[in-house]
Amino acid sequence: MPLTTSEPAAASGKLKRFLGQLIWAAVAVVAAFSLGAMAVNRGEHINSAWLVLAAVCTYMIGFRFYARFIAARVMALDNQRATPAERLENGHDFEPTNKWILFGHHFAAIAGPGPLVGPVLAAQFGYLPGTLWIIIGAVVGGAVQDFVILFASMRRDGKSLGKMAREEIGKLGGFVALLTVLLIMIILLAVVALVVVNALAGSPWGTFTIAATMPIALFMGWYLRYRRPGKVLECSAIGFALVLAAIFAGQWVAQSHTWAPVFTLSAVALAFAITLYGFLASALPVWLLLAPRDYLSTFVKLGVIFLLAAGIVFVRPELELPAFTRFTDGNGPIFAGKIFPFCFITIACGAISGFHSLISSGTTPKMITKEWHAWPVGYGAMLLESLVAVMAMIAACVMHPGVYFAVNSPAGIVGGTPAAAVATISSWGFPVSVAEMQQLAHTVGEQTLFYRTGGAPSLALGMAHIFAHSGGGRAVIGFWYHFAIMFEALFILTVIDAGTRVGRFMLQDVLGHVHPALGRTSWMPGVLMTSGAVVVAWGYFLYQGVRDPLGGINSLWPLFGIANQLLATIALCVATTILIKMHRARYIWITGLPLLWLVTVTFTAAWQKIFSPMPRIGFLAQARQLQATLGSGAVTGARIAETQALIFNARLDAVVCGVFMILVAIILVDSLRIWAGIFAGSRTSQVLEAPFVLSRLSTEEA
Amino acid sequence: MTRLRMFRSLMLALLRELADEAAYQRHLAANGREHSPEEWRKFSDVRLRAKYFRPKCC
């Protein structure tokens, strides 16, 4: 019987489908094999390529199957439905944008210091727990949160998380979400400022380079405003060249007998300098300092991430840290606490970050051309962020464990002298010598690398190691180290100045109800007062971190991690409520399971941080221990006031942690009340989406 | 070669978007205006005010 014309086409289609299935099966096998190789290896160094392969293949499977399932079956994305970008196009916020450009835009917005610093700190447990959580957490938690919130905001004319919380859960939910964001920002700004302070303390090279970025940013601001208006790329290229020149000049400064002492600042002096900077940046016009620095930092950030990925693929370094260290027992020198729950709150943004929900319900939903673009933009960009976290983990683990712990451990834990520190660290089974540390410090142009807590210096060391092995060798390692420090500090400072400004706006918004003039952003006394209030708030926590004998990171980073994950809890409450209202209750496990996990992790962590009897974990136990020491008369002279301040700080941290728990518990109970009402039939399940409008844009145009 | 050119133009477009240059061009087209230093300053003020009203991600 002769073949009909459609039969060859059908046969070819079947073959294509079969080949496709074969390729995806191969990807799944590689993912499973790489995860297995990573997980079962003990006692031998493994190559970083296994981590990259495991991550990339798992992301591909998650993206192709899980996210597509969510997009098609749960959200029912529809390219025939006009998005807000098309319906409300105004040439400003609402603008249909190419999906890959929007992907880059969204990624640049969600990528902050969190995914870089968190994994470096969590490496104290070994490479395995953190890496597994980064990969799995992103695929089933973080990317899902970003994707669902982006979808929900896109269907609601680009509404913010706060507005959606108010509309879907209730007025209380919206207010609590706003308050939580403000509190989280204060802790966030303090902790990222602490990272910069610890990276620059006693480092004239680093301090000079970062100080030089301020006049460079001012110059860029002037250039863009008056010399070549509108030429942002040109201006940023000039700024980047000047920053590179500042790194080279920094080496000269560090070697100069005259200038090195000027730029060798203590942690306390740096904390005051950064606080003052935050105040100025918040009060000055945006175009003068904040915007040019932000443009520059965005380009440098994307460039360095690309460079680091290329370096890891090219060098494929071996991991020196083991899969698990002895600190899984909860006695880690960097931060105290066991893998559960502390690994999961330390790695915040690399696996799941509440802050992303603010971006997913901010600019991005207003720029999506077609509904299906939310799939790569919302889910895919988070996977890329997670890959950045895996790269940071690799950069931390390529160091010798002894060096890693010598850099990251505070003097209060390992001993106040280099000799005492190496003796303690070597006794843990991670041999390191003073000579080795001195040699390393000399190579990167630092006076010392002991007690450089916060994660930034060790990340810079790992990155410099990878970059130098890509070409140039030890001769250029000092440049790369300071390049990495500059890169981290540059965008952390951008987070600080933008955050202080936003905190000021939030405060003005609230105070405007008390006294209308305080709400006006053009009334200078109000601007100065509210800027000062926000700066004092985060500056206080920064100062507390700097003075903390345990390094500050031990108390502040978990606080930040808890706060950030609690914001994710709020986002997932909103997402679950929306799914229920959409009559997708049978799929609530998609957001419900990550929500359940986050609630368990964050509430356990918060509870332990407040009530654990171990002074290094529990704030109240720490306060009690200090009180007992004070009462025994062991503390004398000027240290009495210092100890009293430490007791107050520990109690304050406990209160802040408790407030976070209460705020999120309110939203959780409010959400449960609504869900129960809908399931019981006593509450209507009204979907608050914008009405359907047929899209005029063809898929090709998009 | 064509794909390489496409990739390059996509990257340039992304950089222009991140630099707000694309948004400025859209602003000029939408309002039927010509580029001038004063026009850029007006656009930039509005754009930046909106941009830094939102927190930056951590």
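Residues numbered from 1 in each chain as written. Chains lettered and ligands numbered in written order. Predicted model: local features only at pLDDT ≥ 70, side-chain atom pairs only at ≥ 80, totals over all residues.

**Thoughts on the overall build of chain B**
When its secondary structure is counted, chain B shows 3 helices and 0 strands. The principal-axis extents of the C-alpha atoms in chain B amount to approximately 40 × 35 × 15 Å. Counting over 58 residues, chain B shows a buried share of 28%. (Helix = DSSP H or I, 4+ residues; strand = E, 2+ residues; numbered from the N terminus. Buried ≥ 20, exposed ≤ 12 C-beta atoms within 10 Å, placed from the backbone.)

**Considering the overall build of chain A**
Along its length, chain A carries 27 helices and 0 strands. For 702 residues, the compact-globule estimate of 2.2 N^0.38 gives 27 Å, and chain A sits close to it at 26 Å. Its C-alpha atoms put chain A at 95 × 70 × 60 Å along the principal axes. Here chain A holds 702 residues, and the buried ones make up 56% of them. Considering only contacts in chain A between residues 6 or more positions apart, those separated by 24 or more positions represent 81%. (Rg over C-alpha atoms; globule rule 2.2 N^0.38 Å. Contact = placed C-beta atoms within 7 Å.)

**Things to note about the interface of chain B and chain A**
Of the residues lining the interface, 27 residues belong to chain B; the matching set on chain A comes to 45 residues. Contributing elements (two or more residues each) for the side of chain B that touches chain A: α1 (2–18), α2 (21–31) and α3 (37–51) of chain B. By residue number, the principal contributor to the side of chain B that touches chain A is α1 of chain B, which donates 7 residues. Looking at the side of chain B that touches chain A residue by residue, the class counts come to 16 nonpolar, 3 polar and 8 charged. (Nonpolar A, V, L, I, M, F, W, Y, C, P; charged D, E, K, R; others polar.)

**A few points about the packing of helix α12 (residues 290–315) of chain A against helix α21 (residues 477–511) of chain A**
Residue and element names in this part refer to chain A. Running from amino to carboxyl end, α12 crosses α21 at an angle of 140°, the nearest separation of the two axes being 9 Å. It follows from the interaxial angle that α12 and α21 lie oblique. Where α12 crosses over α21, the handedness of that crossing is left-handed. Of the residues in α21, those touching α12 at Leu290, Arg293, Asp294, Ser297, Val300, Lys301 and Val304 are Phe487, Leu490, Phe491, Leu493, Thr494, Asp497, Ala498 and Arg501. Class assignment for the residues of the contact of α12 with α21 results in 8 nonpolar, 2 polar and 5 charged. (Axes fitted to C-alpha atoms, helices over the stretch in contact; angles between N-to-C directions. Parallel < 35°, antiparallel > 145°, perpendicular 65-115°, else oblique. Left-handed = near helix turned anticlockwise from the far one by under 90°.)

**Digging into the nonpolar core**
Ranked by size, the top nonpolar core spans 246 residues in total, and within it Ala190, Val192, Ala193, Val196, Leu459 and Ala464 of chain A carry the most contacts. Ignoring sequence-local partners within four residues, the contact set of Ala193 of chain A consists of Ile274, Ile496, Trp538 and Leu542 of chain A. (Core = buried A, V, L, I, M, F, W, Y, C linked by C-beta atoms within 7 Å.)

**Quick look at helix α18 (residues 418–427) of chain A**
All names here are of chain A. Those residues of α18 lying buried are Pro418, Ala421, Val422 and Ile425. End-on view of α18: buried residues confined to an arc of 95°, all on one side of the axis. In α18, the exposed positions angled more than 90 degrees off the buried face are occupied by Ala419, Ala420 and Ser427. Contact partners of the buried residues in α18: α16 (401–408), α17 (411–414) and α19 (434–443). Two residues or fewer past α18, Gly429 is found with a positive phi of approximately 95°. (Arc of directions from axis to C-beta.)

**Observations regarding the confidence of the model for chain A**
Across chain A, the average pLDDT comes to 93, with 99% of residues at or above 70. Predicted confidence in chain A is weakest over helix α22 (residues 516–519) of chain A, with a mean pLDDT of 84, and strongest over helix α6 (residues 127–154) of chain A, with 98. (pLDDT = per-residue confidence, 0-100.)

**Comments concerning helix α25 (residues 589–611) of chain A**
Residues and elements named next belong to chain A. Taking 1.5 Å per residue as the helical rise, α25 with its 23 residues ought to reach 33 Å, and the 31 Å between its terminal C-alpha atoms agrees with that figure. When α25 is considered as a whole, its buried residues turn out to be Ile590, Thr591, Pro594, Leu595, Leu598, Val601, Thr602, Phe603, Ala605, Ala606, Gln608 and Lys609. In this structure, the buried residues of α25 make contact with α2 (48–74), α6, α13 (339–346), α24 (553–581), α26 (619–631) and α27 (639–680). (Expected span 1.5 Å × (residues − 1).)

**Considering the packing of helix α8 (residues 171–200) of chain A against α24 of chain A**
All names here are of chain A. α24 packs onto α8 with a crossing angle of 150° between their chain directions and a minimal axis gap of 9 Å. For the element pair α8 / α24, the angle class is roughly antiparallel. As for the relative orientation of α8 and α24, their crossing is left-handed in sense. Contacts between α8 and α24 involve Ala177, Thr180, Val181, Leu183, Ile184, Ile187, Leu188, Ala190, Val191 and Leu194 on the former and, on the latter, Ile553, Leu556, Trp557, Leu559, Phe560, Ala563, Asn564, Leu566, Leu567 and Ile570. Looking at the contact of α8 with α24 residue by residue, the class counts come to 18 nonpolar, 2 polar and no charged.

**A closer look at the environment of Ala621 of chain A**
All names here are of chain A. In this fold, Ala621 is placed in helix α26. For Ala621, a count of 18 C-beta atoms within 10 Å puts it in the partly exposed group. It is 8.1 Å that separates the C-alpha atoms of Ala621 and Ile610, two residues lying 11 residues apart in sequence. Not counting chain neighbours up to four residues away, the residues in contact with Ala621 comprise Ser612, Pro613, Met614 and Pro615.

**Considerations on the confidence of the model for chain B**
Overall, the prediction assigns chain B a mean pLDDT of 91, with 100% of residues at 70 or greater. Reported confidence for the predicted complex is 0.96 by ipTM and 0.94 by pTM.

**Describing unusual backbone geometry**
All names here are of chain A. With omega at 10°, the peptide bond leading from Phe340 into Pro341 counts as cis. If you trace the backbone, Pro341 turns up in helix α13. Positive phi outside glycine occurs at Asp157, with the angle close to 60°. Following the sequence through the fold, Asp157 ends up in the loop between α6 and α7 (161–168). Judged by C-beta crowding, with 16 C-beta atoms within 10 Å, Asp157 ranks as partly exposed. Look at Arg316: it is not a glycine, yet its phi comes out positive at around 45°. Here Arg316 shows up in the loop between α12 and α13. Judged by the 15 C-beta atoms lying within 10 Å of it, Arg316 falls in the partly exposed class.

**Thoughts on the environment of His482 of chain A**
All names here are of chain A. When you line up the elements, His482 lands in helix α21. Taking the C-beta count within 10 Å as the criterion, His482 has 27 such neighbours and is therefore assigned buried. Along the chain, His482 and Val181 lie 301 residues apart, while their C-alpha atoms are 33 Å from each other. Dropping the residues within four chain positions of it, His482 is found in contact with Trp205, Gly206, Thr209, Ile247, Gly250 and Gly445.

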